[in-house]
Amino acid sequence: MKHVVIGTAGHVDHGKTSLIKALTGIDTDRLKEEKERGMTIDLGFAPLHLPGQKVVSIVDVPGHERFTKNMVAGVTGIDMFLLVIAADEGVMDQTREHVNILSLLDITTGVVALTKIDLVDEEFLELVNDEVGRYLQETRLAHSRIIPVSSVTGRGIPDLVSEINRLVESIPSRSSSDVFRLPVDRVFTISGYGTVITGTVIGGVITQGEAVEVLPSHKTARVRGIQVHDNKVDRAIAGDRAAINLAGIEKGEIQRGDVVVRPGTLRDSTVIDAAVTAIEGEGGVSHGQRVRVHVGCAEVMARVRILGRDMIPGGERGYVQLRFEGPAAVARGDRFIIRSFSPMRTIAGGRILMHDAPERRRFSTGDLETLAVEDSGPPEVLLEYLLKRGPHPGAQSIKEISMRLLCSPEDVRTLALGPARDRVAVLEGTQKLVAREILRYLRRQIVSALEDFHAKSPLRPGMPKDALRMAVAPRWEQDDFDELMEILIQEGTLSRHENLVDLAGIDRHTAILKRPEVSGLEAAYKSQGLAPQRLENTLAALGLDSKTGQEALSFLLEIGHLVRIGEGIILHKDAVEMAKSIVKRKLEEQGSIGVGEIRDALGTTRKIAVPLLEYFDQIGLTRRAGDLRQPGPHFRAAHMDRY
């Protein structure tokens with residue numbers, strides 16, 4: 001079944017409520033004050049039954065200018081309008097303001113009911129009909145049909161119902177796969193049930209028993225029950241006028257203008273990007289102006305930051321940032337109305353291009369370009385811009401992007417792997433996205449950093465991964481940077497050995513081993529055998545300074561050509577292998593061996609024999625048993641190249 005909401009519009013006392021009663025049989029004036037004054041002050045609601053067992057919702061809005069904010073709240077989420085103009089008065093001030101509001105909110109599907117025709121003769125009716133038609137020709141509602149009706153006699157009511165039915169058939173169904181949102185227009189309590197909210201579901205679906213979050217207060221609750229058109233249902237979907245009974249929250253914790261969502265699907269905003277159109281003849285919108293922003297069912301005070309110029313004249317469109325004086329639960333794509341602070345007049349309206357936006361530079365070409373993409377760019381380009389120029393450029397979570405685009409994480413992933421695949425890369429491990437332009441930039445930075453590193457440290461076989469991250473992307477999380485490394489390794493840009501990163505295709509080990517300072521140091525240790533000299537003496541004999549010598553030593557230790565067997569004692573691997581063979585042979589012959597025997601068998605000193613045996617204990621070749629050494633757990637399998 002299609003779910004459609006119709007909103008009334010029109011001047012005060014032009015017969016909106018009476019017309020709804022004639023259409024539905026329901027009096028939507030529910031407040032005592034409304035009965036006494038004979039006019040609508042707050043919102044009223046009624047179901048309208050149409051042919052084919054269709055049921056649509058009608059929202060009755062106030063016509064008096066003092067209650068315009070209630071009118072704007074009423075038309076939030078409607079699919080079509082029912083503009084009411086009294087035949088005995090014609091087009092009036094609030095008629096014009098309501099038509100402006102409908103146009104600014106992009107609600108241009110609807111019908112015009114020329115009411116109270118029982119109060120005028122046919123000739124006057126024809127004149128008023130022509131007047132209304134001429135007025136509408138200058139508006140976005142020019143295509144709307146004008147139907148004369150009388151709520152008293154019933155004349156024209158069947159024709160009006162037929163036209164409403166035709167328009168309902170033409171309205172596309174809303175998507176129930178969107179993020180669930182319900183702007184609250186009423187809050188009350190029912191004895192025995194507790195807190196009840198009402199509003200129009202403007203996106204998604206909600207089911208009985210689900211948890212919800214109220215924005216911007218971030219209070220949480222549970223859906224105890226749902227009603228649509230006074231009927232209990234298990235769920236409410238986009239387009240439904242719904243009453244939802246909430247458990248776990250008090251009436252005083254919710255107010256009109258709040259928005260009910262699923263937890264974690266929308267973040268409230270204090271700054272938004274927007275496209276604004278100023279109404280002709282109302283003086284335009286100025287930079288720095290304090291205004292009233294009507295969005296959803298909320299009224300929020302804000303300051304206007306006009307981008308690229310100082311004013312948006314009447315009849316023109318421009319880009320702005322609105323800085324709210326308090327958090328607001330708004331989202332990309334929402335339409336809004338701007339009214340002057342005082343006196344209160346409707347001066348402009350527009351569409352939110354991005355909620356929770358970073359602060360833009362007013363005359364930045366790049367920021368204006370970003371808003372143009374937010375305004376009309378293809379989804380794949382918008383996704384790329386969010387990753388490049390959002391509040392946190394770099395790797396951003398799919399969940400975060402979904403909250404910014406007001407869609408599901410699955411939709412974002414599908415976009416990234418499909419239309420945006422040439423612009424965006426997916427970091428599968430962390431479920432984050434990064435713009436390929438940022439990847440290309442980081443690739444250049446990484447290559448440059450590695451080249452610079454090896455120019456300054458020619459004896460190092462690679463740059464430590466953490467040092468590389470701090471050099472090129474210090475704000476990136478380590479897990480994200482690791483995935484970036486894998487992408488660059490797979491594409492053949494980088495290679496990695498344990499924690500060291502280098503450019504791919506370069507045999508750094510062989511090149512370093514051929515350098516004279518490295519080959520000379522290795523030859524010196526090899527010739528010293530089990531009688532190593534002090535390092536400073538060895539370096540002096542080779543003519544090496546301390547820094548170069550230490551780098552050469554570190555490299556040889558890292559690749560295993562030299563072995564540190566104890567504090568300050570370093571041997572060449574061949575000497576260690578020779579000692580290992582002798583110890584193994586002795587243990588195979590005797591089963592155990594002492595330090596003195598090893599010292600004599602190796603032809604060395606106790607100063608070398610003791611740390612050498614302790615080293616063999618560490619690698620499992622031997623184990624200590626009092627003053628003796630016996631075969632260790634790795635005695636049979638021990639090979640020096642494994643250690």
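Residues numbered from 1 in each chain as written. Predicted model: local features only at pLDDT ≥ 70, side-chain atom pairs only at ≥ 80, totals over all residues. Heavy atoms only, no water.

Time to look at the packing of helix H18 (residues 573-590) against helix H20 (residues 606-618). Their axes nearest at 12 Å, the elements H18 and H20 cross at an angle of 80 degrees. Comparing the axis directions of H18 and H20 gives the class roughly perpendicular. Along its contact with H18, which presents Val 576, Ala 579, Lys 580 and Val 583, the element H20 presents Leu 612, Tyr 615 and Phe 616. Split into classes, the residues belonging to the contact of H18 with H20 amount to 6 nonpolar, no polar and 1 charged. (Axes fitted to C-alpha atoms, helices over the stretch in contact; angles between N-to-C directions. Helix = DSSP H or I, 4+ residues; strand = E, 2+ residues; numbered from the N terminus. Parallel < 35°, antiparallel > 145°, perpendicular 65-115°, else oblique. Contact = heavy atoms within 4.5 Å. Nonpolar A, V, L, I, M, F, W, Y, C, P; charged D, E, K, R; others polar.)

Turning our eyes to something else, we now look at the nonpolar core. Grouped together as the largest cluster of nonpolar side chains are 43 residues, with contacts concentrated most on Leu 383, Leu 433, Ile 446, Leu 468, Trp 476, Leu 484 and Met 485. Counting residues per element, this core draws most heavily on helix H11 (residues 436-456), which supplies 7 residues. Core analysis: the second largest hydrophobic core is formed by 29 residues, Ala 9, Ile 78, Ile 85 and Val 120 among them. (Core = buried A, V, L, I, M, F, W, Y, C linked by side-chain atoms within 4.5 Å. Buried < 20%, exposed > 50% of the residue type's maximum accessible area, 1.4 Å probe, protein only.)

Two modes of strand pairing occur in sheets, parallel and antiparallel, and in both the strands are linked by backbone hydrogen bonds. Spatially, the 3 strands line up as an open sheet ordered S33-S35-S34, and their pairing is antiparallel. Since the sheet does not close on itself, it has two edges, and those belong to strand S33 (593-594) and strand S34 (622-625), each with one partner. In the packing of H20 onto the sheet, the strands contacted are S34 and strand S35 (628-631), and the crossing angle to S34 comes to about 110 degrees. (Pairing = 2+ DSSP bridges.)

The next subject is the packing of helix H9 (residues 398-405) against helix H10 (residues 409-417). In contact at an axis separation of 8 Å, H9 and H10 are set at 105 degrees when each is read in the N-to-C sense. Classified by the angle between their axes, H9 and H10 sit roughly perpendicular to one another. On the side of H9, the interface is formed by Ile 398, Lys 399, Ile 401 and Ser 402, while H10 contributes Pro 409, Val 412 and Arg 413.

What follows covers the domain arrangement of the protein. You can read the domains of the protein as domain 1 (4-170), domain 2 (181-261), domain 3 (268-368), domain 4 (369-437) and domain 5 (546-631). The C-alpha-based centres of domain 3 and domain 4 are spaced at 25 Å. On the side of domain 4, 15 residues touch domain 3, which itself brings 21 residues to the contact. On inspection of domain 3 and its partner domain 4, the count reaches 4 salt bridges. Between Asp 375 and Arg 351 there is a salt bridge, and its shortest N-O distance comes to 2.5 Å. Among the secondary structure elements, those contributing two or more residues to the side of domain 3 that touches domain 4 are strand S17 (269-278), strand S22 (317-328), strand S24 (346-354) and helix H7 (365-376). At 4 residues, the largest contribution of residues to the side of domain 3 that touches domain 4 is made by H7. Split by residue class, the side of domain 3 that touches domain 4 holds 11 nonpolar, 3 polar and 7 charged. (Domains from an automatic or database assignment. Salt bridge = Lys/Arg side-chain N within 4 Å of Asp/Glu carboxyl O.)

Keep in mind that most residues, glycine aside, have a negative phi and that most peptide bonds are trans. The omega torsion across Leu 215 and Pro 216 is 10 degrees, close enough to zero to call that bond cis. Examined against the element boundaries, Pro 216 turns out to sit in the loop between strand S11 (211-215) and strand S12 (219-228). In this model, Ser 342 is joined to Pro 343 through a cis peptide bond whose omega is -5 degrees. Take Pro 343: it is sitting in the loop between strand S23 (335-340) and S24.

Another aspect to go through is helix H19 (residues 595-602). Every buried residue of H19 is listed here: Val 595, Ile 598 and Leu 602. Down the axis of H19, the buried set is contained in an arc of 65 degrees. They therefore lie on one face. Against the buried residues of H19 lie H18, S33, H20 and S35. Phi turns positive, to about 65 degrees, at Gly 603, one or two residues after H19. (Arc of directions from axis to C-beta.)

With that settled, the discussion passes to the pairing of strand S19 (residues 290-295). With respect to burial, S19 is a largely interior element, 5 of its 6 residues being buried. Sheet topology places S19 next to strand S20 (residues 298-306); 6 bridges connect them, and they run antiparallel. Within the sheet, the bridge partner assigned to His 294 lies in S20 and is Glu 299.

In this fold, His 14 is placed in the loop between strand S1 (5-9) and helix H1 (16-24). Among the polar contacts listed, one links the side chain of His 14 to the side chain of Glu 89, at a separation of 2.8 Å. With residues up to four places along the chain from it excluded, the contact list for His 14 reads Val 84, Ile 85, Ala 86, Glu 89, Gly 90, Met 92, Thr 95, Thr 115 and Lys 116. (Polar contact = N/O pair within 3.5 Å; in protein donor to acceptor, adjacent residues only side chain to side chain.)

Bringing the side chain of Glu 517 into the picture now. Structurally, the position occupied by Glu 517 is in helix H15 (residues 516-528). On the basis of relative accessible area, Glu 517 is assigned to the buried category, the value being 12%. Setting aside anything within four residues of it in sequence, one finds Glu 517 in contact with Leu 459, Leu 544, Thr 548 and Ala 552.

Next up on the list: the environment of Arg 389. Note on placement: Arg 389 falls in helix H8 (residues 379-389). Overall, Arg 389 belongs to the partly exposed group, its relative accessible area being 28%. The spacing of Arg 389 and Gly 366 is 23 residues in sequence and 9.0 Å in space, taken between C-alpha atoms. In this structure Arg 389 touches Pro 358, Arg 360, Gly 366, Glu 369 and Thr 370, once residues within four positions along its chain are discounted.

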